Structures are given as C-alpha cells and as structure tokens.
Amino acid sequence: MKNDAAVESFSFADFEEAETGNMTVAVHGRPTNWVWTFAGPGHDKTIEQSNRLAKERLHQERQIEQQRVNGKKVKLPEEAVDDIRSRNVRMVVDRIVGWSPVKIDGEDYAFTPDNAYKLLINPKRAGLLTQAMEFLAAESSFTPRSATS
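Structural notes, computed from the coordinates. (Residues numbered from 1 in each chain as written. Predicted model: local features only at pLDDT ≥ 70, side-chain atom pairs only at ≥ 80, totals over all residues. Heavy atoms only, no water.)

A surface patch of nonpolar side chains, amounting to about 440 Å² of accessible area, comprises F10, F12 and F15. Residue F10 is classed as exposed on the basis of its relative accessible area of 53%. (Patch = residues over 30% accessible without salt bridge, like charges linked within 9 Å, V, L, I, M, F, W, Y side chains within 5 Å. Areas by Shrake-Rupley, 256 points an atom, 1.4 Å probe, with all protein chains shown as cover. Salt bridge = Lys/Arg side-chain N within 4 Å of Asp/Glu carboxyl O. Buried < 20%, exposed > 50% of the residue type's maximum accessible area, 1.4 Å probe, protein only.)

Quick look at the structure:
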C-alpha cells in the first residue's frame, strides 16, 4: 500500500530557543517603554548559571551522603526568608543581559548587576521581581518569532 502523506522536514534550528528574550516592564499593570533583555536557555550566561547550580546541588548531595555513610545525623541547611529572596534575585540578575535606558527618581539608572540587585531585592518592589521570574519561566519568552513575508 502506497503512503502519499508528506514527510515532515525540519532543521535543527527549528527546535532551538532564541538567544535572548525581551520583557517589557509593566508598572501597576501598565506596559512601559522600559525593556529588559534576558539570556535565553542556550545563552552562555544561562549555561554558566545552570552549571553552577548543578555543581552546588551535587556538592550538597555529596555532603549529605557522606554524613549518612559516617553514621551521622543528616543536618539539612536551614534558609531564612531573606536568604531565599536573595537567591531568587540573584537567579534573575544572573540572566539579565541588559536593559533599555531608564531614569529612576530623575536619575539615569544604567544596567549593572549591582543596580539590578538593588532594584529587585527591596520587598516593596516584589511585583517587578515577580514579572521577571514569570518571564523567565514562560515557555513563550524565548520562542523565536516566525519570519514574516
């Protein structure tokens, strides 16, 4: 029996995510002209972060296993709320490639990792941190746009 169905054809590039993604910052639900550029899944910054986190996790697992092997009670580290917030902010800051020019309180606020950390660590600005975390978690954030003709 002859199969007349077309064979689907792809390029490896069809499965790749975009190198970067742009998030338009919203203030009180209103989109602004301020745009943050984040490193995509295949970007060097993201790969570096992923490798660092994997190494940290493996180190922690080895320490726990060593405690078990030595017959010691396993003592899991406790994290304070501030430590968790700082870790979350660092996760976001590590993925920011840059942002468009902006003034905050009338002053130029250039992108630097330190400026981004200071901006996001304040609990009063939790909405901005949430926007960034949701952007990074969304599948569509790094989906390449289709070419238009």
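Moving on from the model shown.
On to helix 3 (residues 113-121). The α-helix winds at 3.6 residues per turn, so residues separated by three or four positions along the chain end up facing the same way. Taken as a whole, helix 3 has its buried residues at N115, A116, Y117, L119 and L120. Contacts from the buried residues of helix 3 go to strand 2 (30-39), helix 2 (81-93), strand 3 (96-99), strand 4 (103-104) and helix 4 (126-137). (Helix = DSSP H or I, 4+ residues; strand = E, 2+ residues; numbered from the N terminus. Contact = heavy atoms within 4.5 Å.)

Here we come to the packing of helix 2 against helix 3. The axes of two packed helices give the description: the angle between them and the distance between them. Following both chains from N to C, one finds helix 2 and helix 3 inclined at 135°, their axes separated by 10 Å at the closest point. One way to sum up the angle between helix 2 and helix 3 is to call them oblique. Here helix 2 and helix 3 pass one another in a crossing that is right-handed. Taking contact as the criterion, the partners of R85, S86, V89, R90, V92 and V93 in helix 2 are, on helix 3, P113, A116, Y117, L120 and I121. Among the residues forming the contact of helix 2 with helix 3, the class breakdown is eight nonpolar, one polar and two charged. (Axes fitted to C-alpha atoms, helices over the stretch in contact; angles between N-to-C directions. Parallel < 35°, antiparallel > 145°, perpendicular 65-115°, else oblique. Left-handed = near helix turned anticlockwise from the far one by under 90°. Nonpolar A, V, L, I, M, F, W, Y, C, P; charged D, E, K, R; others polar.)

Looking now at the sheet that holds strand 1 (residues 20-27). Pairing in this open sheet of three strands is antiparallel, and the strands run 1-2-3 from one edge to the other. Two strands close off the open sheet at either side, each with one partner strand: strand 1 and strand 3. Neighbour-to-neighbour, the strand axes of the sheet open up by a mean angle of 35°, direction not taken into account. Helix 3 rests against strand 2 and strand 3 of the sheet, and its axis sits at about 90° to strand 3. Together, strand 1 and strand 2 form the strand contacts of helix 4, whose direction differs from that of strand 1 by roughly 150°. (Pairing = 2+ DSSP bridges.)

Let us look at the packing of helix 2 against helix 4. Packing of helix 2 against helix 4 leaves a shortest axis separation of 10 Å and a crossing angle of 55°. Compared by their axis directions, helix 2 and helix 4 come out oblique. In terms of crossing hand, the pair formed by helix 2 and helix 4 is left-handed. Contacts between helix 2 and helix 4 involve R85, N88, V89 and V92 on the former and, on the latter, A126, L129, A132, M133 and L136. Of the residues in the contact of helix 2 with helix 4, the class split is seven nonpolar, one polar and one charged.

The next subject is the pattern of salt bridges. Going through the model one piece at a time under the given rule, you end up with seven salt bridges. The residue R52 makes a salt bridge to D94 at a minimum N-O spacing of 2.7 Å. Of this pair, R52 sits in helix 1 (residues 44-69) while D94 sits in the loop between helix 2 and strand 3, placing them 42 residues apart in sequence. Residue class for R52 comes out partly exposed when judged on its relative accessible area of 34%. Judged by relative accessible area, D94 falls into the partly exposed class, the value being 26%. Among the salt bridges present, the one from E79 reaches R87, with a minimum N-O distance of 2.5 Å. For E79, a relative accessible area of 44% gives the class partly exposed. Judged by relative accessible area, R87 falls into the partly exposed class, the value being 38%. Counted as one network, the salt bridges with shared partners bring together R52, E56 and D94.

So, to be careful, I would describe these as geometric facts and stop short of saying anything about function.
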